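What follows is the residue order along each chain.
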Amino acid sequence: MPPSYRTPDMTATVPTRLPPHGGNLAAIRERFPDAVTPLIDLSTGISPFPYPFQMSDPTLLTRLPEPEAEYNLRRIAAEAYGATDADMLVATPGTQLAIGTLPLVLGLERARILGPAYTGHAEAWSACGRIVEPVTDIGALFDAPPRTACVVINPNNPDGRLLDVSLLSNLAKQCAKKGNILIVDEAFGDWNETSMIPALPQPGLIVLRSFGKAYGLAGLRLGFVVANREFSEKLRKILGSWAVSGPALACGAQALSDRRWHKETGAKLLQSTERLHTLIKKQRWSIAGGTRLFTLVNVPNAHQVWETLCRTGIVTRAFHERPNQLRFGLPSDENQWKKLEESLPLCS
């Protein structure tokens, strides 16, 4: 047992202050000043295997990006994601910016969001003064009134729920008939055969893709909006010139071209996920769902277990609305795996 660890009172009151998102280790250090360091962040669902980008041209940091570099990235991303036209893609500095921008651009009155799910969508639509209606049945999206954004995260965060492409295609057609828009957030969509991007272009459908999660480079800030050419051209004009940095354009183009790395990393992630599941089952906890980048676990007294793990230096993702579940990301090396193996039994 680490010398600075103190066994907590597992009958203590459930904590009321939980982080709104993964990451933010500074807040964890402030809240748990006695925590074992360095902290191991398993709270974000970012791949522990970052793409080995080498920036061969240092002038990318000193000059504005060229339009040709931006188009080249879109062309490569279109091929990687299965889009038929590079002009359907909009490169953005992360998908979070796209999530916050769409409520302003689309001009819709409300958002129906299939959940429980990542809260960033609801926060964005609410911040723009739109009506937000969380729903748990996809039938409520088919029945949405006109001028509604129907939001689906696929695979879902945090439980990995995966909806069939044919179902979402039918929903997109229904949305188009009513003047609605189906927004499919595929932030965790790598290594799944369920992308809606090959179904584009079609009216009533917008797809979001994250680069940083699958490629382990979330700090680079790069993502994509994929839609019909008319909407994508409009959004590119709104974002303006140089929306994405030169280094991000170069890294994205290099990484998305490297399909061998993508395939091999997918296999490594699958092996790591199986290893994590073995550790979880040793605790007599059950798997509630997940993807290759995270696992949602049924954990009695999850908030207290979250505190215990934080004090041992392991940061997971806890949820106010899920008091008996935690989400685990993947350790990056053998030292982190060993630390997790040592810390989990302390939660019993």
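All values derive from a computational prediction rather than experimental measurement.

**Student:** Explain helix H9 (residues 259–282) to me, using residue names and the numbers behind them.
**Tutor:** Between its first and last C-alpha, H9 extends 35 Å over 24 residues, near the 34 Å set by a 1.5 Å rise per residue. Among all positions of H9, only Trp 261, His 262, Thr 265, Gly 266, Leu 269, Ser 272, Thr 273, Leu 276, Leu 279 and Ile 280 are buried. The elements touched by buried residues of H9 are strand E9 (286–290), strand E10 (295–298), strand E13 (322–328) and helix H11 (334–343). Just beyond H9, the residue with positive phi is Arg 284, at close to 65°.

**Student:** Any details on the sheet that holds E13? Residues and values, ideally.
**Tutor:** Note on sheets: strands pair through backbone hydrogen bonds, and any given pair is parallel or antiparallel. Here we have four strands laid out as an open sheet, ordered E9-E10-E13-E12, and antiparallel in their pairing. Across the chains shown, the open sheet's two edge strands, defined by having one partner strand only, are E9 and strand E12 (317–319). This sheet shows a mean twist of 30° between the axes of neighbouring strands, independent of strand direction. Here helix H10 (residues 302–311) sits on the sheet and contacts E12 and E13; the angle it forms with E13, its principal contact strand, is near 40°.

**Student:** Summarise the nonpolar core; cite the residues concerned and give the values.
**Tutor:** Membership of the largest hydrophobic core comes to 83 residues, with the highest contact counts inside it found for Leu 182, Phe 224, Leu 256, Trp 285, Leu 326, Phe 328 and Leu 340. Excluding residues that lie within four positions of it along the chain, Phe 224 makes contacts with Leu 73, Ala 77, Tyr 81, Leu 89, Val 90, Ala 91, Thr 92, Thr 95, Val 207, Leu 208, Arg 209 and Leu 256.

**Student:** Which residues make up the pattern of salt bridges, and what values do they have?
**Tutor:** Overall, the coordinates contain 17 salt bridges when judged by the stated rule. Among the salt bridges present, the one from Arg 209 reaches Asp 190, with a minimum N-O distance of 3.2 Å. With Arg 209 in strand E7 (residues 205–210) and Asp 190 in the loop between strand E6 (181–185) and E7, the pair connects residues that are 19 residues apart, well separated along the chain. For Glu 233, the salt bridge goes to Lys 237, with nearest N and O atoms at 3.6 Å. Pair noted here: Glu 233 and Lys 237 are both in helix H7 (residues 229–239), with a separation of four residues, about one helical turn. Judged by its relative accessible area of 42%, Glu 233 falls in the partly exposed class. Members of the salt-bridge network, linked through shared partners, are Glu 70, Arg 74, Asp 85, Asp 87 and Arg 229.

**Student:** So what about the pairing of E10? Which residues, and what values?
**Tutor:** Each regular strand displays side chains that alternate between the two surfaces of the sheet. In this sheet, E10 lies alongside E9 in antiparallel orientation, the contact comprising four bridges. Its bridge partner lying in E10, Gly 290 is registered against Thr 295. In textbook terms, the turn of a hairpin is the stretch between consecutive antiparallel strands, and for E9 and E10 this stretch comprises four residues. The sheet contact formed by E10 and E13 spans four bridges and is antiparallel. When the bridges of E13 are listed, Thr 295 appears paired with Phe 328.

**Student:** Kindly report on the pairing of E7, identifying the contributing residues and their values.
**Tutor:** Where burial is concerned, most of E7 is hidden: six out of the six residues are buried. Taking every second residue as pointing to the same face, both faces of E7 are buried, with Leu 205, Val 207 and Arg 209 on one and Ile 206, Leu 208 and Ser 210 on the other. Two elements, E6 and E7, share four bridges in a ladder whose sense is parallel. Looking at the pairing, Asp 185 lines up with Leu 208 of E7. Sheet topology places E7 next to strand E8 (residues 223–226); four bridges connect them, and they run antiparallel. By the bridge assignment, Val 207 is partnered in E8 with Val 226.

What counts as what
- Residues numbered from 1 in each chain as written.
- Predicted model: local features only at pLDDT ≥ 70, side-chain atom pairs only at ≥ 80, totals over all residues.
- Heavy atoms only, no water.
- Helix = DSSP H or I, 4+ residues; strand = E, 2+ residues; numbered from the N terminus.
- Expected span 1.5 Å × (residues − 1).
- Buried < 20%, exposed > 50% of the residue type's maximum accessible area, 1.4 Å probe, protein only.
- Contact = heavy atoms within 4.5 Å.
- Pairing = 2+ DSSP bridges.
- Axes fitted to C-alpha atoms, helices over the stretch in contact; angles between N-to-C directions.
- Core = buried A, V, L, I, M, F, W, Y, C linked by side-chain atoms within 4.5 Å.
- Salt bridge = Lys/Arg side-chain N within 4 Å of Asp/Glu carboxyl O.

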